[in-house]
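Results of the structural survey
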Amino acid sequence: MRILLFTGKGGVGKSTVAAGTAALSAAAGRRTLVLSTDAAHSLADAFGAPVGAEPTEVADRLFVQQVDAQLRFEQSWAEIQGYLLSVLDVAGVDPVAAEELTVIPGAEEVLALLELRLHALSGEWDVVVVDCAPTAETLRLLALPEALGWYMQRVLPTQRRVVKAFKPVLTRAAGVPMPGDGLFDAVERLHAELDEVHTLLSGPDASVRLVLTPEAVVLAEARRSYTSLSLFGYRVDGVVANRVFPAEGADDWRAGWVVAQDAVLAEVDQSFAGLPVWRSEYRPSEPVGVDALRTLAAEVYAGADPLAVPTGSGPFRVERTGSGAVLHLSLPFVTRAEVGLARNGDELVVTVGSYRRLLTLPAGLARLRVAGARVDEGELRVRFADPAHEDATEKVT
C-alpha cells in the first residue's frame, strides 16, 4: 500500500493538492482513499460532496473520509481520561474544567492517525493519501510515537511495579486513587498502535510531500519542516509550489508578483535540490469537484508518476566500517552549531532547535563508543568505534 502525506503551512492549499493527487490515482485504476486528520476538514469542500466519518465513494475507486477525531479520542483515551477525572474529582476541580484539563492539546489529531493503521490492516486500499494538519501540528504528531516509546520502555515498567507494591499505602497517603492495571494496559495499547503507525509512515512505501506557496515566510517554514521530518526518520519525496502566478498576459500589478515569486521559486529549487519541485499555477477559479481536482493534479505532475515509490535509503542509515560504524542522519539546512548530541546508555540523543529525538541504537552499535561526530553537507555523521580501537568523544565537530 502506497502512503502519501501532504502537509504545509496553513492556507497554502495542501488539501486541494492532496485531493487532486488522490483523484489522479483513482483515475489510473488504483483503489484510493484520501483521508483528513486536519481538524479544519476541507476535503468535503474540495470535492464538493458530502463526506462523513466513514469512507465515502465520490468517484470510481475514489473514497474520501474525514476522520471523526472525537470518536477516535473517546475510543483510545477514554480509560486514561477516566482515571485523570477521578483524580481531579478528589481534588475538588469543577467537572467541566476537569474534562477540559484531561484533553491533551492536539491529541485528537494524533489519535486520528490511528485510522490509518486500521486501513492498512484492512488490505482494501492500493493508495492512501493523508491530508495532514498544518506543519507544526503534523511534526508534533509524528514525533509522539518515539517519545512515548521511551516512556514505555524506561518509566512505565518501574512505575507499574511500584504502584502495584505500594498501592494501599500510596492511596491513603496521597488521598487520591492510584492507577490500576487497566490504566497501564490502556497506555500500552495506545503506544503499540502508535508504534505501528510510526512503522508504516517511516517505511519504504510512505513519504511526505510538502506544499508551499512562493513566499519567503512559507519557504522558511517548509525548510524547517524538511529538517524536522528528516530528524524523525520520515522521507520527504517532493515539493509542490502552489498558486504560482502565470507570466503570460500579466498586467503591471501581476507582473510585480511574477517577479517576486520567481525569486522565491529560485530559492525553492536551490533549497530542495535533489527533490522534484512541481508547480501549480494560480487558477481563475477554485478547483472544486473530482474532475477539476484531477485536471489540476495532471497539470502539476506533468506526466510524472505522482505515486512513484521514492528510491534510496531514506534519511537514516548505518554504514559499517573496518573498526566500527558510521550512523548517517539527514539534517538538511542545519549547521553544526544547531545540533546537540549526547549518549545515554543505548540511546543517542539528537537535538535540533526545539526538537529532540531519542535514537535507540541497534545492538551492534550500542556496544560501541561514540568516537566522533560531524555535520557535513546537510547530514549528521556519528562515528562509532570499538573501545579497544579508539577513545570516545561526544562533541559534534
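Residues numbered from 1 in each chain as written. Predicted model: local features only at pLDDT ≥ 70, side-chain atom pairs only at ≥ 80, totals over all residues. Heavy atoms only, no water.

1. Here's the deal with the sheet that holds strand β13 (residues 355–360)
The condition is simple: Strands qualify as paired when DSSP identifies two bridges or more between them. Only DSSP runs of H or I with at least four residues qualify as helices, and only runs of E with at least two residues qualify as strands; both kinds are numbered from the N terminus onward. Only the stretch in contact is used when a helix axis is fitted, and all axes are lines through C-alpha atoms; the angle between N-to-C directions ranges over 0 to 180 degrees.
Ordered by their spatial adjacency, 3 strands build an open sheet running β11-β12-β13, and the pairing between neighbours is antiparallel. Of all strands in the sheet, those bounded by a partner on one side alone are β11 (339–344) and β13. Averaged over all adjacent pairs, the angle separating strand axes in this sheet is 15 degrees, with direction ignored. Judged from the 6 bridges that link them, strand β12 (residues 347–352) and β13 form a sheet pairing that is antiparallel. What sits directly across from T351, in β13, is R356.

2. Re helix α6 (residues 114–122)
Where we set the bar: Burial status follows relative accessibility: with a 1.4 Å probe on protein chains alone, a residue under 20% of its type maximum counts as buried, one over 50% as exposed, and anything between as partly exposed.
By the burial criterion, the buried members of α6 are L114, E115, L116, R117 and H119. Note on α6: the residue one or two positions beyond its end, G123, has a positive phi of about 70 degrees.

3. Quick word on the nonpolar core
We count it as follows: Nonpolar cores are built from buried Ala, Val, Leu, Ile, Met, Phe, Trp, Tyr and Cys residues. Side-chain atoms within 4.5 Å join them into one set. What makes two residues a contact is simply this: any of their non-hydrogen atoms within 4.5 Å.
Formed by 88 residues in total, the largest nonpolar core has its most connected members in F47, L212, F272, L348, V350, V382 and F384. In this structure, L212 is in contact with V12, V218, L219, A222, V239, V240, A241, N242, V268 and F272, ignoring residues within four places of it in sequence.

4. Quick look at the packing of aromatic side chains
Note the following rule: Two aromatic rings, drawn from Phe, Tyr or Trp (for Trp, its six-membered ring), form a pair once their centres lie within 6.5 Å of each other, and the interplanar angle then sorts them: stacked below 30 degrees, edge-to-face above 60, tilted otherwise.
Evaluation of the coordinates by the stated rule reveals 10 aromatic pairs. Consider the rings of Y226 and F333, whose centres lie 5.8 Å apart with planes at 65 degrees: the pair is edge-to-face. Of the two residues, Y226 is situated in helix α10 (residues 216–231) and F333 in the loop between β10 (324–330) and β11; the sequence distance between them amounts to 107 residues. For Y226, a relative accessible area of 14% corresponds to the buried category. Residues F245 and W257 carry aromatic rings whose centres are separated by 5.9 Å and whose planes lie at 40 degrees to one another, so their mutual orientation is tilted. Taken as a pair, F245 in the loop between β7 (236–244) and α11 (252–271) and W257 in helix α11 lie far apart in primary sequence, 12 residues in all. You can call F245 buried: its relative accessible area is 16%.

5. As for the pattern of salt bridges
For the record, the criterion: Should a side-chain nitrogen of Lys or Arg be within 4 Å of a carboxyl oxygen of Asp or Glu, the pair is scored as a salt bridge.
Scanning all chains against the criterion turns up 13 salt bridges. Of the charged contacts in the structure, one is a salt bridge between D237 and R2, with a shortest N-O distance of 3.2 Å. In this pair, D237 sits in strand β7 while R2 sits in strand β1 (residues 2–7), placing the two residues 235 residues apart along the sequence. Residue R2 is classed as buried on the basis of its relative accessible area of 6%. Several salt bridges share partner residues, and in doing so they unite R374, D376, E379 and R381 into one network.

6. Things to note about the environment of V349
Among the structural elements, V349 can be located in strand β12. Taking relative accessible area as the criterion, V349 reaches 13% and is therefore assigned buried. Measuring from C-alpha to C-alpha, the distance between V349 and T360 comes to 8.8 Å, with 11 residues separating the pair along the chain. What V349 contacts, discounting residues up to four positions off in sequence, is G340, L341, A342, N344, R356, R357 and L358.

7. Some points on the pairing of β1
By the criterion of burial, β1 is predominantly enclosed, with 6 of the 6 residues buried. Side-chain alternation along β1 places R2, L4 and F6 on one buried face and I3, L5 and T7 on a second face that is also buried. The sheet contact formed by β1 and strand β5 (residues 127–131) spans 5 bridges and is parallel. Of the residues in β5, the one forming a bridge with R2 is V127. Relative to strand β6 (residues 206–212), β1 is paired through 5 bridges, and the arrangement is parallel.

8. What about the sheet that holds strand β8 (residues 277–281)?
Pairing is mixed in the open sheet, where 8 strands are placed in the order β3-β4-β2-β5-β1-β6-β7-β8. Two strands close off the open sheet at either side, each with one partner strand: β3 (56–59) and β8. Shown here is a sheet whose adjacent strand axes are inclined to one another by a mean of 25 degrees, direction ignored. Here 5 bridges tie strand β2 (residues 32–36) to β5, and the two strands are oriented parallel to one another. Looking at the pairing, V34 lines up with V129 of β5. Along the sheet face, helix α12 (residues 290–301) touches β1, β3, β4 (62–66), β6, β7 and β8 and points at about 135 degrees away from the line of β8.

9. Topic: the confidence of the model for the chain
To keep it simple, the criterion reads: Known as pLDDT, the predictor's confidence for each residue is given on a scale from 0 to 100.
Summarising the model, the chain shows a mean pLDDT of 80, and 72% of its residues fall at 70 or more. The low-confidence segment residues 158–175, where pLDDT is below 50, has 20 contacts with residues more than four positions distant or belonging to other chains. Confidence drops under a pLDDT of 50 for residues 390–394, and excluding neighbours within four residues, the segment shows 14 contacts in the predicted structure.

10. Digging into the packing of helix α1 (residues 14–27) against α12
The geometry of a pair of packed helices is captured by two quantities: the angle between their axes and the separation between those axes. Note the cut-off: Orientation categories follow fixed angle ranges, with anything under 35 degrees roughly parallel, anything over 145 roughly antiparallel, 65 to 115 roughly perpendicular, and all other angles oblique. Throughout this entry, Asp, Glu, Lys and Arg are counted as charged residues, while Ala, Val, Leu, Ile, Met, Phe, Trp, Tyr, Cys and Pro are counted as nonpolar. The remaining residues, Gly among them, count as polar.
With their axes 7 Å apart at the nearest point, α1 and α12 run at an angle of 90 degrees to one another. The angle between α1 and α12 places the two elements in the roughly perpendicular class. Together, T16, V17, A19, G20, T21, A23, L24 and A27 of α1 and V290, L293, R294, L296, A297, A298 and Y301 of α12 make up the contact between the two elements. Its residues assigned to classes, the contact of α1 with α12 shows 11 nonpolar, 3 polar and 1 charged.

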